[in-house]
Amino acid sequence: MRLYAAVAMNSFRRYATYRVATAAGVFTNTVFGFIVAYTYIALWDQRPRLGGYDMSQALTFVWLGQALLAAAALMGGSFQEELQERIRTGDIAVDLYRPVDLQLWWLAGDLGRAGFHLVGRGVLPMVLGGIAFDLWLPGSPLTWAAFLLSVALGLLVGFAVRYLVALTAFWLLDGSGVTMMSSLLCLFFSGMLLPLTVFPGLLGEIARVLPWSAIFQVPADVFLQQHTGTGLLRALAFQVFWALALLAAGRAVQSAATRKVVVQGG
Amino acid sequence: MWVRSTMAYRASFLMVTVGNFAATVLDFAAITLMFSHVDTLGGFSLAEVAFLYGTTSTAFGVADLVLGSMERVGRRVRDGTMDTLLVRPVPILAQVAADRFALRRLGRISQGLLVLVWSLTAVDVAWTWDRVLLLPVMLLSGSAIFGAVFVAGAAFQFWANDAAEVQNSVTYGGNTLLQYPPTVFATELLRGVTFVVPLAFVNWLPALHILGRPDPLGLPGWVDFASPVVAVALCTLAGLAWRAGLRSYRSTGS
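Residues numbered from 1 in each chain as written. Chains lettered and ligands numbered in written order. Predicted model: local features only at pLDDT ≥ 70, side-chain atom pairs only at ≥ 80, totals over all residues. Heavy atoms only, no water.

The name an unreviewed UniProt entry gives chain B is ABC-2 family transporter protein, with Streptomyces pactum as the organism.

Where an unreviewed UniProt entry is consulted, chain A appears under the name ABC-2 family transporter protein, with the organism given as Streptomyces pactum.

(A) Summary view of the environment of B:Asn20. Topologically, B:Asn20 is positioned in helix α2 (residues 10–35). Along the backbone, B:Asn20 and B:Ile109 are 89 residues apart, and their C-alpha atoms lie at a distance of 9.3 Å. (Helix = DSSP H or I, 4+ residues; strand = E, 2+ residues; numbered from the N terminus.)

(B) Seen up close, the UniProt feature "transmembrane region" (unreviewed entry) in chain B. Residue and element names in this part refer to chain B. Within this structure's numbering, the places UniProt gives as "transmembrane region" (unreviewed entry) are residues 12–38, 50–68, 109–127, 133–159, 189–210 and 222–242. The span residues 109–127 is 74% helix and 0% strand, and its two end C-alpha atoms sit 24 Å from each other. Helix makes up 68% of residues 189–210 and strand 0%. Its end C-alpha atoms lie 22 Å apart. (UniProt positions renumbered as here; feature names shortened; annotations may be inferred.)

(C) Highlighting the pattern of salt bridges. Residue and element names in this part refer to chain A. Going through the model one piece at a time under the given rule, you end up with eight salt bridges over all chains. A salt bridge links Asp110 to Arg113, with the nearest nitrogen and oxygen atoms 2.9 Å apart. Separated by three residues within a single helix, Asp110 and Arg113 lie in helix α6 (residues 102–132), roughly one turn from each other. Here Asp110 matches Arg113 in class, with each residue buried. Where Arg162 meets Asp110, a salt bridge forms, and the shortest distance between an N and an O atom there is 3.2 Å. Here Arg162, found in helix α7 (residues 141–167), pairs with Asp110, found in helix α6; they are 52 residues apart in sequence, far enough to count as distant. Pair check on accessibility: Arg162 and Asp110 agree, each one buried. When salt bridges with common partners are traced through the structure, they connect Arg86, Asp95 and Arg98 into a single cluster. (Salt bridge = Lys/Arg side-chain N within 4 Å of Asp/Glu carboxyl O. Buried < 20%, exposed > 50% of the residue type's maximum accessible area, 1.4 Å probe, protein only.)

(D) Expanded view of the packing of helix α3 (residues 46–67) of chain B against helix α7 (residues 106–122) of chain B. Residue and element names in this part refer to chain B. Contact geometry of α3 with α7 gives a least axis separation of 7 Å together with a crossing angle of 155°. With respect to each other, α3 and α7 are oriented roughly antiparallel. α3 and α7 meet at a crossing whose hand is left-handed. Classifying every residue of the contact of α3 with α7 by side-chain character gives 16 nonpolar, eight polar and two charged. (Axes fitted to C-alpha atoms, helices over the stretch in contact; angles between N-to-C directions. Parallel < 35°, antiparallel > 145°, perpendicular 65-115°, else oblique. Left-handed = near helix turned anticlockwise from the far one by under 90°. Nonpolar A, V, L, I, M, F, W, Y, C, P; charged D, E, K, R; others polar.)

(E) Broad picture of helix α13 (residues 230–258) of chain A. Residue and element names in this part refer to chain A. The terminal C-alpha atoms of α13 lie 42 Å apart, and with 29 residues this matches the ideal 42 Å at 1.5 Å per residue to within 8%. Among all positions of α13, only Gly231, Leu232, Ala235, Leu236, Gln239, Trp242, Ala243, Leu246, Leu247, Gly250, Gln254 and Ala257 are buried. Buried residues in α13 make contact with α6, α7, α8 (169–172), α10 (201–209), α11 (211–215) and α12 (217–223). (Expected span 1.5 Å × (residues − 1). Contact = heavy atoms within 4.5 Å.)

Written out as structure tokens, the structure is:
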């Protein structure tokens, strides 16, 4: 356990070294936040209470998206490329030989990265958005606690999906195609492009039960108090379900994949 | 070379190309989802928004295909591989542009063109000769303007070598911005993208003329035709910035 904490801590520090890159990221998140916020204003001006949000809730949704974008790797990125490169070059054999669990190792690293991005690239865009627009903030500390829990569960689900995607490199060698497809699905079905509650009819119903909604839509709804009482428990249980199911699937694929690793050379 | 190397992993190449196509499709899908709730956005119909979307995506796609690799300059400065390019007898700009030249980016252009063609059949425009002529001029100057931004951004990375994201906010951010009608945005923002980073010349100003819409900033009418001039001026500035950046380059060494 201490080992994984150290891995997470080092990963946090590794990302914290790139200060200019973090500032650049905050700038980009803020620019996009402004662009999307104006389009939402145009939309909610004509359809107040669209998707169950009022104007300030819709705007908060936008800025929550920008704040969680890097942490939850909603546009992809983070560890997949690195892991896929290790699989392609065969370095993965060395990793498998180490007395650590491969999945937990990468999970710890990813949580460290997410933790840094949450602070480094999450807080400031949200504050800037709050200065420029009238945002909706929950008053109850219980909601804030539930939100943080929900974000953590969302990060777990996000990791589990990306880990599965990275493992496809064992079969495909070059995983960039699958990685790209998975980032797209994530971007669209997490609610990042448009809240899933605005998706019409059957498409919306399907989108809301897919794992990607656990990554962003659910935490955002917890923040906006769209889930209360038992609804809140149900929303969190939904996230726990996907996290466990996908982490277990990742484990199964991992053991199938490692059985086919052939170590070359002597 | 890079074309052949990406072809080595055929399944992946296919998926990335389809992915590039799908990425932009999903962008447009989000806009159509918005229009499933409203008839107009900022006073513009779906066909008109599609026209804006198609023109900026095509222009951005062309610039991205030719110069999209420029965002790697920061990494090259950081890890010192820039030196390899300096000793070769080929213009450095051409080398950086050809680095990992990715045909898969064709996906973005084709989707932009598809939306553009659809919008042309759906939009209600009185096609006078100046409007017909303005369309190709707009696409060409738009590509050149985005191209200049790519080069200027790369030049900036000689100084701030891990700030590739700032460039993304202008390129990808600009592309997203121009997909929506200018009436949606605050006037300060419009002034910014007209006078500071003149992205409005990529498609907003000429497109407003084609669609017969007044311009929300109330600029004189000839501005709608100024895109080629702006494009040439920006490319010159970007070229100068690139040379200045290159001259100030110091290898990282060890």
